[in-house]
Amino acid sequence: MREDFYHYVWQHQYFDKADLRTAADEEIQVLKPGFRNADAGPDFLNARLRLGDVEWNGAVEIHLRASDWARHQHQTDPKYDQVILHVVGQHDADVTRTDGTLIPTLALQTRLAPDLLARYQALIEAPAAAPLPCAPLLSRVPEITSTMMVERALLERVERKADDVLALHQQLGQDWEATAYHALMAAFGFQKNSEPLARLAKALPLNVLRRHRYDQRQLEALLFGQAGFLVENDETAEDDYIRGLREEHEFLRHKYQIGSAAMAVHEWNYLRLRPANFPPVRLGQLAGLLHARPALFDALLTAHSVAALTEFFQAPVPEYWRTHFRPGRAGKVPSLGRASIDLLITNVVVPLRVAYARHVGQPALVESSVALLSELPAEHNQYTDVYEALGFTHRTAADSQGLLALHKSYCAPRRCLHCAIGSRLLQQPRISR
């Protein structure tokens, strides 16, 4: 049994209310259970109860056992002085506020319907290897419930990503162009090199890069030099192009005093990457994009379709990096693929636009930005395949993102009681176990 089960029971009032009394035999009438508190402090706020002949307004705290109150040190925390009722599974101790006054306690264990407990245990006792705790029971859930839950998970995922963008925006002095630059740089790492590219964005400030965006050679020198790829070695010793970039970088790093921020080659990841995904290849694509698209944020904000965004990301790559997958090493290099562009739209453009929309108060822009995901093809991986096999709709990137969010936020951590699907199953007739 977990504490969140009693949160669920109290929130929905799924217990026997006949002759409801506290541990001290005082009559209780629940007028309003209150609302869940997402911050520090009691679990439910603004509850309204009648204890005996007196009506109370305040908070409700919930534990598995009453003795958890002392174990959590609530008796010394003034935030819990507002608690008017302690709801527990088992009453094994009296509890008090900081001034020593007794807090009424309601024990629910004997008031729970056996069917409800059976349904709950069927979910939480599912084998850890099971793809979803509710997999054997999904046929009992209406499709509309599953669809709405996936949509809810999608919006929560987009909101979390937008929160990260807003935090970055704050760190960068509320500069939206710099925010777009940093977000785009990190995303071009495509997981394996996201962190190194995020560090490169810090090692090469946008105010320096802006001054040389129209000179492609200097742009490449800054990017590859600060990334640590222009050092002389056996592969680059006879490469005149790299030698020229190295000389250009030497001049620019002294001019802007950015040499100390330069990265080293060993900071980049190559393990289990195909040459098309090598860091220098991605930097070459970035060099072409930053040269051809000098106003990142405005372009990403005003593009009205996936087609326009795809065209934005299909900037021409500098000639050298179309034929070299690392400095001094020749090889045919493909351009930025459609699948990569789709990921950039999903992980950069949509969160960036949603963050901006929230910042300036444009709900219509939030809606249109999220709608872009419905224009993108579905992403297939080990997680989405599980849900698709179980009958979940999976046609677009909106579905993929919703399913990934459902897995990460609800199914994997077994947060069934917070999920509309799990909640619906708890309302079903008795489960045969």
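The structure displayed is predicted, hence computed values, not measured ones.

(A) Expanded view of the overall build of the protein chain. If you tally the helices and strands in the protein chain, you get 18 helices and ten strands. The C-alpha atoms of the protein chain give a radius of gyration of 28 Å, which is well past the 22 Å a tight globule of 433 residues would have. For the C-alpha atoms alone, the extent of the protein chain along its principal axes is close to 90 × 50 × 40 Å. For the protein chain, with 433 residues in total, the buried portion stands at 50%. Looking at the protein chain alone, contacts between residues at least 24 apart form 62% of all its contacts between residues at least 6 apart. Measuring between centres, the 47 positive side-chain charges of the protein chain sit 3 Å from its 51 negative side-chain charges.

(B) Structural detail: the layout of surface pockets. Considered as a void within the structure, the largest pocket measures approximately 1,400 Å³ in volume. Lining the largest pocket are 41 residues, with R157, K161, Q191, S194 and N347 positioned closest to its centre. Of all elements in the fold, only α4 (143-171), α5 (176-187), α6 (194-203), α14 (338-360) and α17 (397-411) reach the threshold of two or more residues within the lining of the largest pocket. The leading source of residues in the lining of the largest pocket is α14, at nine residues. Residue classes in the lining of the largest pocket are distributed as 19 nonpolar, twelve polar and ten charged. In this model, the second largest pocket occupies a volume close to 300 Å³. What lines the second largest pocket is a set of 16 residues, among which S146, T147, V150, F392 and T393 lie closest to the centre. At the level of secondary structure, the elements contributing two or more residues to the lining of the second largest pocket comprise α4 and α17. When residues of the lining of the second largest pocket are assigned to their parent elements, the largest contribution, six residues, is made by α4. Taken together, the residues of the lining of the second largest pocket sort by class into eight nonpolar, five polar and three charged.

(C) Quick peek at the pattern of salt bridges. Under the counting rule described, the total for this entry stands at 18 salt bridges. Ionic pairing is found between D25 and R21, a salt bridge with its closest N-O pair at 3.9 Å. With its nearest N and O atoms 2.4 Å apart, the salt bridge here joins R243 to D240. With R243 and D240 both in helix α9 (residues 240-256), this residue pair falls three residues apart, about one helical turn. R243 sits in the partly exposed class, given a relative accessible area of 28%. Here D240 falls in the exposed class, since its relative accessible area comes to 57%.

(D) Local environment of empty space enclosed by the protein. In total, this model carries two cavities of 30 Å³ or more according to the counting rule given. The computed volume of the largest cavity comes to approximately 80 Å³. Lining the largest cavity are L123, P133, C134, Y410, C411, R415, C416, C419, I421 and G422. Of all elements in the fold, only α17 and α18 (420-426) reach the threshold of two or more residues within the lining of the largest cavity. Among the residues forming the lining of the largest cavity, the class breakdown is eight nonpolar, one polar and one charged. L154, R157, V158, K161, T346, V350, L373 and Q401 are the residues that line the second largest cavity. At the level of secondary structure, the elements contributing two or more residues to the lining of the second largest cavity comprise α4 and α14. Residue composition of the lining of the second largest cavity, grouped by class: four nonpolar, two polar and two charged.

(E) Main features of the packing of α14 against helix α15 (residues 363-371). In the contact formed by α14 and α15, the axes pass within 8 Å of each other and the chain directions differ by 170 degrees. Put simply, α14 runs roughly antiparallel to α15. Taking contact as the criterion, the partners of V350, R353, V354, Y356, A357 and R358 in α14 are, on α15, L365, V366, S368, S369 and V370. Among the residues making up the contact of α14 with α15, the classes are represented as seven nonpolar, two polar and two charged.

(F) Broad picture of α14. The terminal C-alpha atoms of α14, which comprises 23 residues, lie 31 Å apart, in line with the 33 Å expected from a rise of 1.5 Å per residue. Taken as a whole, α14 carries its principal kink of about 35 degrees at I345. Just downstream of α14, G361 is the residue with a positive phi angle, here 75 degrees.

(G) A look at unusual backbone geometry. Phi angles above zero are rare outside glycine, and Q73 is one such case at about 65 degrees. For Q73, the position within the fold is in the loop between α2 (68-71) and β5 (83-90). The partly exposed category is assigned to Q73, whose relative accessible area is 42%. Here the phi dihedral of Q191 falls at roughly 75 degrees; this positive angle occurs in a residue that is not glycine. Tracing the backbone through its elements, the reader meets Q191 in the loop between α5 and α6.

(H) Molecular detail of the environment of A420. With respect to the element layout, A420 can be found in helix α18. Separated by 279 residues in sequence, A420 and V141 place their C-alpha atoms 9.7 Å apart.

(I) Representation of the side chain of T22 in the model. Residue position: T22 is located in the loop between α1 (3-12) and β1 (28-32). Non-local contacts of T22, meaning those with residues more than four positions away in its chain, are made with I28, L51, P104 and T105.

About the cut-offs
- Residues numbered from 1 in each chain as written.
- Predicted model: local features only at pLDDT ≥ 70, side-chain atom pairs only at ≥ 80, totals over all residues.
- Heavy atoms only, no water.
- Helix = DSSP H or I, 4+ residues; strand = E, 2+ residues; numbered from the N terminus.
- Rg over C-alpha atoms; globule rule 2.2 N^0.38 Å.
- Buried < 20%, exposed > 50% of the residue type's maximum accessible area, 1.4 Å probe, protein only.
- Contact = heavy atoms within 4.5 Å.
- Lys, Arg positive; Asp, Glu negative; His and termini not counted.
- Charge placed at Lys NZ, Arg CZ, Asp CG, Glu CD.
- 1 Å grid on protein atoms, 1.4 Å probe; cavity = no way out; pocket = protein on both sides within 12 Å on 5 of 7 lines; lining within 4 Å.
- Points joined across faces, edges and corners; volume = space filled by probe spheres on them.
- Nonpolar A, V, L, I, M, F, W, Y, C, P; charged D, E, K, R; others polar.
- Salt bridge = Lys/Arg side-chain N within 4 Å of Asp/Glu carboxyl O.
- Axes fitted to C-alpha atoms, helices over the stretch in contact; angles between N-to-C directions.
- Parallel < 35°, antiparallel > 145°, perpendicular 65-115°, else oblique.
- Expected span 1.5 Å × (residues − 1).
- Bend = angle between axes of the 7 residues up to and from the residue.

Remember, this is a structural readout, not a statement about activity or role.
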